[in-house]
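Topology and contacts: notes
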Amino acid sequence: MRRKLENEIAMEGLKSAKNVPVPILYFVIGGDSISLKLTHQAVTDGRPLVVFEGTGGAADLISYAYYRHSEGRSRNISSYGELQKATANKGHVVSNEVRTRMAADWNASDEKIKKYTKLVVDIVKLRHLISVIDIHSSHCGQEVEKAAVEVIFTVFPNDGVKQLAVAMLWNRVDVLRQRILPSANNIQHHHLHEAFFIALVGHKSEFTKLFLETSSVKLNKFLTVPILQKLYSNLPDSTPVKRLLNRYKTKEDPRLTLQSVAHAVSNLMGDRISYRPLYLRDSRYKDFNTQQTNENHQPNHTSSEGVSFQTNFMSSDDNADTIDDFEWPERELFLFAILTNNPDLSKIFWELGRCGTAAALSAWRLLHAMSENDAMVAYLSEDEMSTFVDSLEEHKLMYENLAMDLLNRCHADDKGRTQMLLRRLVPMWGETSCIDVGLATDTLTFITTKGFQSVLDSTWMGDMQISTSVYKVWLCMVLPFLVPSLITFRSELDSLENEKQEPKTEKRMSTWQLKHGYQDDEVEIRISRKRSSKGNIEFQEKKPWYTRIHSFISAPVTKFWYNAVFYFLFLVLFSYIVTMNFYNVISIWEYILIFWVVTLVVEEVRQIMEADSKSAIVRLKLWIDDGWNQVDSLCISIFFSGLLCRLLGDMNAENNSSMQLTFIAGHALYCTSLCGYFIRCLHIGSVNRLVGPKLIMIGKMMKDLGFFLYILAIALLAYGVSSQAMLYPNETSVRSVFKNVFFLGYWNVYGEINLEEVTADNFDCTTDQTLIDSGEGKRCPDSHVVPTIFLVVYILFTNVLLLNLLIAMFSFTIQKIQTNTDVYWKQQRFDLIMEYQSRPLLPPPFIIISHIIAIVYRCCRKSNNKFTNTFQIKLGDETANTVEDWETWNMNQYLEEKREEVYKETFLEQRFEELSNLIQEREDNTSQINRRLEFIEDQAERTNIVLQHIVEKLNERTQKTTIPTASNVNRKETIPKIEVTPEKKQNTPRKKSIDGTLLGIVSSSTPGISSESSILPGSTTPYQSPIEVTESTEPVDSMDPIDTQDYSESNNSTIYYPGSNVIRFPVPKRSRKWSTEFSNYSPPFYTAPDVMRGADSSDPNIDTPSCGRIYQLHFNDIDTHYRVNRESHTGKYKIDSGLPLNPKGRTGIAGRGVFNRFGPNHVAHCVASRWHKGTDKPTTERELEFIAVKSASDNVWRLPEAPITYTEDGVGIQASRRALATQALGMSPVTEDDRLILQRDMASLLSSGSEIYKGYLGDERNTDNSWVETRVYNFHDSGGILFNTISLKPGVGISSVRWMKTHKLLSPHHQMIMKRVNKSRKS
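Residues numbered from 1 in each chain as written. Predicted model: local features only at pLDDT ≥ 70, side-chain atom pairs only at ≥ 80, totals over all residues. Heavy atoms only, no water.

1. A short note on the overall build of the protein chain
Scanning the protein chain for helices and strands turns up 49 helices and 21 strands. Within the protein chain, buried positions represent 47% of all 1323 residues. In the protein chain, 73% of the contacts between residues at least 6 apart in sequence involve partners at least 24 apart. Of the accessible surface of the protein chain, which amounts to about 67700 Å², a share of 55% is contributed by carbon and sulfur atoms. (Helix = DSSP H or I, 4+ residues; strand = E, 2+ residues; numbered from the N terminus. Buried < 20%, exposed > 50% of the residue type's maximum accessible area, 1.4 Å probe, protein only. Contact = heavy atoms within 4.5 Å. Areas by Shrake-Rupley, 256 points an atom, 1.4 Å probe, with all protein chains shown as cover.)

2. Notes on helix 30 (residues 545-554)
Note on helix geometry: an α-helix contains 3.6 residues per turn, so any two residues three or four positions apart are oriented the same way. Looking at helix 30, one finds that the buried residues are R548, I549, S551 and F552. One side of helix 30 carries all its buried residues, which in axial view fall inside an arc of 160°. Where helix 30 is buried, its residues touch helix 25 (470-478), helix 26 (483-486) and helix 31 (556-580). (Arc of directions from axis to C-beta.)

3. Remarks on the sheet that holds strand 2 (residues 49-53)
Here three strands make up an open sheet; going across it, the order is 1-2-3 and the pairing parallel. The outermost strands of the open sheet, each flanked by one partner alone, are strand 1 (26-28) and strand 3 (130-134). Averaged over neighbouring strand pairs, the angle between their axes works out to 20° when direction is ignored. Judged from the three bridges that link them, strand 1 and strand 2 form a sheet pairing that is parallel. Across the sheet, the residue bridging to F27 is V50, located in strand 2. Packing of helix 6 (residues 140-155) onto the sheet brings it into contact with strand 1, strand 2 and strand 3, and relative to strand 3 it is tilted by some 170°. (Pairing = 2+ DSSP bridges. Axes fitted to C-alpha atoms, helices over the stretch in contact; angles between N-to-C directions.)

4. So, the pattern of salt bridges
Under the counting rule described, the total for this entry stands at 29 salt bridges. A salt bridge links K242 to D237; its shortest N-O distance comes to 3.1 Å. K242 sits in the buried class, given a relative accessible area of 5%. When its relative accessible area of 54% is taken as the criterion, D237 is described as exposed. Between R354 and E884 there is a salt bridge, with the nearest N and O atoms lying 3.1 Å from each other. In this pair, R354 sits in the loop between helix 18 (343-352) and helix 19 (356-371) while E884 sits in helix 43 (residues 877-959), placing the two residues 530 residues apart along the sequence. Residue class for R354 comes out partly exposed when judged on its relative accessible area of 28%. Relative accessible area serves as the criterion here: at 15%, E884 is assigned to the buried category. (Salt bridge = Lys/Arg side-chain N within 4 Å of Asp/Glu carboxyl O.)

5. Quick look at the state of the cysteines
Two cysteines form a disulfide when their sulfur atoms are joined by a covalent bond. Per the stated rule, a full pass over the model turns up one disulfide. Disulfide pairing places C765 opposite C780 at an S-S distance of 2.0 Å. Its S-S torsion of about 95° marks the bond between C765 and C780 as right-handed, since a negative value means left-handed. A residue pair is termed long-range when its members are at least 10 positions apart, and C765 in the loop between helix 38 (755-759) and helix 39 (769-774) and C780 in the loop between helix 39 and helix 40 (786-818) qualify at 15 residues. Relative accessible area serves as the criterion here: at 26%, C765 is assigned to the partly exposed category. Residue C355 stays outside any disulfide, its sulfur separated by 7.8 Å from that of C434, the closest cysteine. According to the relative accessible area criterion, C355 is buried, its value standing at 2%. (Disulfide = S-S within 2.5 Å.)

6. Re the packing of helix 7 (residues 160-169) against helix 9 (residues 189-201)
Between helix 7 and helix 9, the shortest axis-to-axis distance is 11 Å and the interhelical angle comes to 10°. When the interaxial angle is binned, helix 7 and helix 9 end up roughly parallel. On helix 9, the residues that touch V161, L164 and M168 of helix 7 are H191, L192, A195, I198 and A199. Of the residues belonging to the contact of helix 7 with helix 9, the class tally is seven nonpolar, one polar and no charged. (Parallel < 35°, antiparallel > 145°, perpendicular 65-115°, else oblique. Nonpolar A, V, L, I, M, F, W, Y, C, P; charged D, E, K, R; others polar.)

7. Notes on unusual backbone geometry
A cis geometry characterises the amide bond from P844 onward to P845, with omega recorded as 5°. Within the fold, P845 resides in the loop between helix 41 (821-838) and helix 42 (847-861). Of note in this structure, H203 is not a glycine but carries a positive phi near 60°. As for its placement among the helices and strands, H203 is situated in the loop between helix 9 and helix 10 (205-213).

8. Quick notes on the packing of helix 30 against helix 31
Orientation of helix 30 relative to helix 31, taken along the N-to-C sense of each, is 65°, at an axis distance of 5 Å. In this view, helix 30 runs roughly perpendicular relative to helix 31, as classed from their interaxial angle. Here F552, I553 and S554 of helix 30 come into contact with helix 31, specifically with P556, T558 and K559. Class assignment of the residues belonging to the contact of helix 30 with helix 31 gives a composition of three nonpolar, two polar and one charged.

9. A short note on the nonpolar core
Nonpolar side chains in soluble globular proteins tend to be buried together. Counting residues in each nonpolar core, the largest one holds 151 residues, and the members touching the most others are F196, F211, Y232, W350, F570 and Y677. Tallying contributions element by element places helix 31 first for this core, with eleven residues. The residues contacting F570, other than those within four sequence positions of it, are L593, W596, V597, L600 and Y677. Of all hydrophobic cores here, the second largest spans 27 residues; its members include A10, A42, V120 and V124. (Core = buried A, V, L, I, M, F, W, Y, C linked by side-chain atoms within 4.5 Å.)

10. Focus on the environment of L129
Examined against the element boundaries, L129 turns out to sit in the loop between helix 5 (110-125) and strand 3. Sequence separation between L129 and A147 is 18 residues; the distance between their C-alpha atoms is 9.9 Å. Every residue in contact with L129, bar those within four places of it in the chain, is listed here: V43, G46, R47, P48, L49 and T154.

11. Examining the packing of aromatic side chains
On inspection of all chains with the given rule, the structure shows 40 aromatic pairs. Note on F566 and F846: the rings are 5.8 Å apart at their centroids and 90° apart in plane angle, and the pair reads as edge-to-face. Of the two residues, F566 sits in helix 31 while F846 sits in the loop between helix 41 and helix 42, which places them 280 residues apart along the sequence. Aromatic side chains Y746 and Y750 sit 5.1 Å apart centroid to centroid with 70° between the ring planes, which places their arrangement in the edge-to-face category. Residue Y746 is classed as partly exposed on the basis of its relative accessible area of 25%. Members of the aromatic cluster, each reached through a chain of ring pairs, are Y567, F570, F574, F582, W596, F639, F640, F663, Y670 and Y677. One residue, R1298, lies across the ring of W1197, its end atom 5.2 Å from the ring centre. (Phe/Tyr/Trp six-rings, centres within 6.5 Å; stacked < 30°, edge-to-face > 60°. Lys NZ or Arg CZ within 6 Å of the ring centre and 35° of its normal.)

12. As for helix 7
When you tally the buried positions in helix 7, you get eight out of ten residues, the bulk of the element. What helix 7 keeps buried is the set G160, V161, Q163, L164, A165, V166, A167 and M168. Positive phi appears at N171, one or two residues downstream of helix 7, with a value of about 55°.

13. Description of the confidence of the model for the protein chain
Averaged over the protein chain, the pLDDT score is 75; the fraction of residues at 70 or greater is 76%. The least confident element of the protein chain is strand 6 (residues 998-1000), whose mean pLDDT is 29; the most confident is helix 31, at 93. Low pLDDT (under 50) marks residues 517-540, which in the prediction has 35 contacts with non-local residues, meaning those over four places away or in another chain. Low pLDDT (under 50) marks residues 961-1042, which in the prediction has 269 contacts with non-local residues, meaning those over four places away or in another chain. (pLDDT = per-residue confidence, 0-100.)

14. Quick word on a nonpolar patch on the surface
On the surface, Y576, M580, I588, W589, Y591 and I592 cluster together into a nonpolar patch covering about 630 Å² of accessible area. The greatest single-element share of the nonpolar patch, amounting to four residues, is contributed by helix 32 (residues 588-609). Positionally, I588 belongs in helix 32. With relative accessibility at 57%, the residue I588 sits in the exposed group. (Patch = residues over 30% accessible without salt bridge, like charges linked within 9 Å, V, L, I, M, F, W, Y side chains within 5 Å.)

15. Points about the pairing of strand 13 (residues 1159-1171)
For strand 13, the tally of buried residues reaches 13 of 13 residues, placing the bulk of the element in the interior. Here strand 13 runs beside strand 19 (residues 1266-1277); their pairing, made up of twelve bridges, is parallel. In the sheet register, H1165 faces strand 19, and the bridge partner there is V1272. Here strand 13 runs beside strand 16 (residues 1201-1203); their pairing, made up of three bridges, is antiparallel. Residue pairing in the sheet places A1164 in a bridge with A1202 of strand 16. Sheet topology places strand 13 next to strand 14 (residues 1184-1191); three bridges connect them, and they run antiparallel. Bridging from a neighbouring strand, R1170 pairs with E1185 of strand 14.

See the structure below:
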């Protein structure tokens, strides 16, 4: 049943190719006899097999037989007979070996084993169907993938069509590139076209790119009208683009045709672009009927997810008489990819096509319109809508960047051709120009490009040279007859072509011209056009004088200055009327003014009629959106309102006050309109780069002011109404109420508080109701404290809070615009140039003449030219081809640069990955080397033990002739050995992290300051403190412990114990812990002779037989008998055989060494510091000075130190003071009073010392049973006055004392102390 089921599934066929059976691949993992039978059936049916070696069972058995069988086939065979004989012999050998292995591993009878053996041998004979993979291999996954790919060529060995279908279904473009297409001779063109069609429908961009790169598919042969319509028809109905296209189906033809696509694209491009869709311009596409075409043009479509591979997919390549349906097939597929929002696919066809700038701008426009089209996302959920819009934005941004980058590159190569590129009509893209598309998409982004700015420069100057001085323009405006002699013009073609094309060798040629040699050819063409019939060259003559004057007047720059001059004359006339000539009878000057305003109205109407839209409502909206047009409409409305009032009123009508008021209102409206026209003249300043952005700031701040006035009005009404109610209750005059409500709060904003009225103090008023009613007196306000409180709160809110808020808003607006000043100015400049480009030649009021001429001309010529044609030119075929070739070359160069950038990034990533792998290999090698070094270290350690015993014996012989010490005694007879068994060592725990400890041992019976030396009692070696200290706000017990000693055999500085000839037992770092087993550890016992002869200040010699263990010492406690503190700062330490164990581990020496006490020996260090006097460095670079002493015994500079006595324990600061006083300070005041003052100041200073460290000190004199712990105190004189009055004097055992700035002269451990002190003092 299983076998039949598998065959049925295979015969169902692939989803995208029903005639291609489903490939089946078997995996053998472990398994028993049943698996062996199924495997045999599979290979018998020709099914490929993957065997996982290492999984046991049948899989391992087949793998074993597979490899054994391959060994016999690898021999050199000279003939076919030898091959048959060798195969038969090898099969017999393999059979025997498999039977032997199966008998050992499988629990089966001999008969079954024989049967199973035959199955295995038969399986491995079909080795071309078998792949063996080691399950434990690091490349197991790659091998499985490789085996799966091989299924394609195993199941369909000679069928390229089926191999192609499976590779596309599995998205294995690498297989298609490496294995199928190189041998695609057996695949017919219509099958490749079918596969290409599936790649397009399924958005398989990598397959599409591969087919095109290998020339497997030719677009002009593939793409026909039915195929393109089928591409759109195959889109799922749920996609947004399909919903959009369905909206343009007609009732007469409900099918989705190319006309539906054309209408959709035209709608997306918008009314502002003169876009003429290709499918509506060509009758071939307009009148095409799908039903009347050959059915062979259409693929057999099964579903929207794919198309089956059949043999009836007919393309134009199969019919030699077929004419290509599309001149630019890559353009049609590019448009299809844009509408389906497929960035990868659209990028492929964009790179293949021509007119890259127009294509990128059109794609930018389409995607921008799609992102704002509600019909496309009406049926999507919120998540789907968000995802769709985000993908459109990313797609749009890609083409925005492509268009801008390509345009900038073209401009950098050739400015003249870039202007032609932007203004030319592109037939490929609906007979529209790049400028029209860019402006309709995103005006602000497009106009900032350098290429468009050069077009604006040329447009602004008209036919004049761009370099024409503005002073020449002004002079010619006054004296037009000077135009022919002062102004240099250029023809329309010359204004667009680059100066490189002039026949002058000194002109710079573009990169493209140098590469392709177009310079000479173009020059020859231009010259040949000017040759006369006699063969001589005719140079172009200058324009006639009247033509030059017309060109001068029609330039936007000239029209701008003429309009500016006449506008100022208009303001002068208007000002004269309202100030000096406004009577009942309208004067001739006022009639001129009225006529002037009428011509302004006519000009505004013309601007509305010639706006960029076919809809009148849209044109009116576009006109109103301009802020200056709003000012114009307001001024005109007010002016005619004033004119109406002026006509209805009468200033001399003494008996009719209403007519007088009407006349006065008309005068006021005239003045108001004049104010608006004065504001309107600010528009002239937008041509200046500095003034223009300031106008933008004013406009933005007016919006901010509106929000501020809204908040202010609420506060003003709240305060005004409340104050009016409290000051003037029951007021009967409505006029007075409204007046007081507004003015009480409004004038306060400007500082007019009216405090006399609010407080009713010294306010000029009356209580006579008659005077109040007649208006001759003002009512006295009521005296209350509440209005005063209202005033305080109101002023605090408005004058302090709101005004500062307004200032902050203004500052933010100004800063925002200031950062984009150039962008805003270019926007203003563009609007200004467009306005004056479309204006008639004559300024108001003579502009009415231009309007009449334009109306007559259009009526006679039936023409309706609009200013948008300024950015559209029709190039000749030769010039157009040259510009397209140049653009294509720049486009290819741009793409090559981008590919190089991507390659460099990829190369760096690959190099980084290779370097990471190399580092990993080195780390693995380092780990192996470390393991080898550890082995060598173990061997050296054993060798060192033997050498140690030899050295000890030689030492004993040397010491017999010198001072007798404990080391001279026969250790086996007189010195008992402390036995630490491996079991005890393993059970002796040691903390991984011990609280910090510095150590030292001193003993003193005198509390307070004494004359004890810092040299440890019983020791000839002065104490040395190896510790790093810091002043910290943390508890001192929480600081990290410092133990820098190394007692291994590699450290020569610690081989001999200080002050003796005793050699340490070498202790490797990994064996220092007591918990680490060290069976060979046998340290020498050493206690200094002076210590062994010690008095009351020393412990009894409990480590020698003569002691007899008279008294048991109290470790980890206060020993009251010997008056010593045996507690450790590190915590509780271990006791072994009655002796304490060093908490830091083994040291290589047993006994007390030079110390008086077993266990911890407590000592104190003193750091007396001040700032280096006379320094002029900043606070962060100040230098710290400290007191240092030099020991007389070894001439080493150290910090002052002293032992901590029993009575000083817990207050080690006393020992630190004693160290400073006895070792470094010598007091020599002049008088007794000075001495007392000095003592008092010293007491004050030394009482402020801070403990910056306490804990274990890793001193080189530490032993296994005795060590040093310390407290470090810092006394700092920040002012430096006290220490400056003290003289330094060496104490006992000290040869020198001084102030020191550098700690490098100290002993290494004391250097560490000063580093931490410097860090804490930030010095």
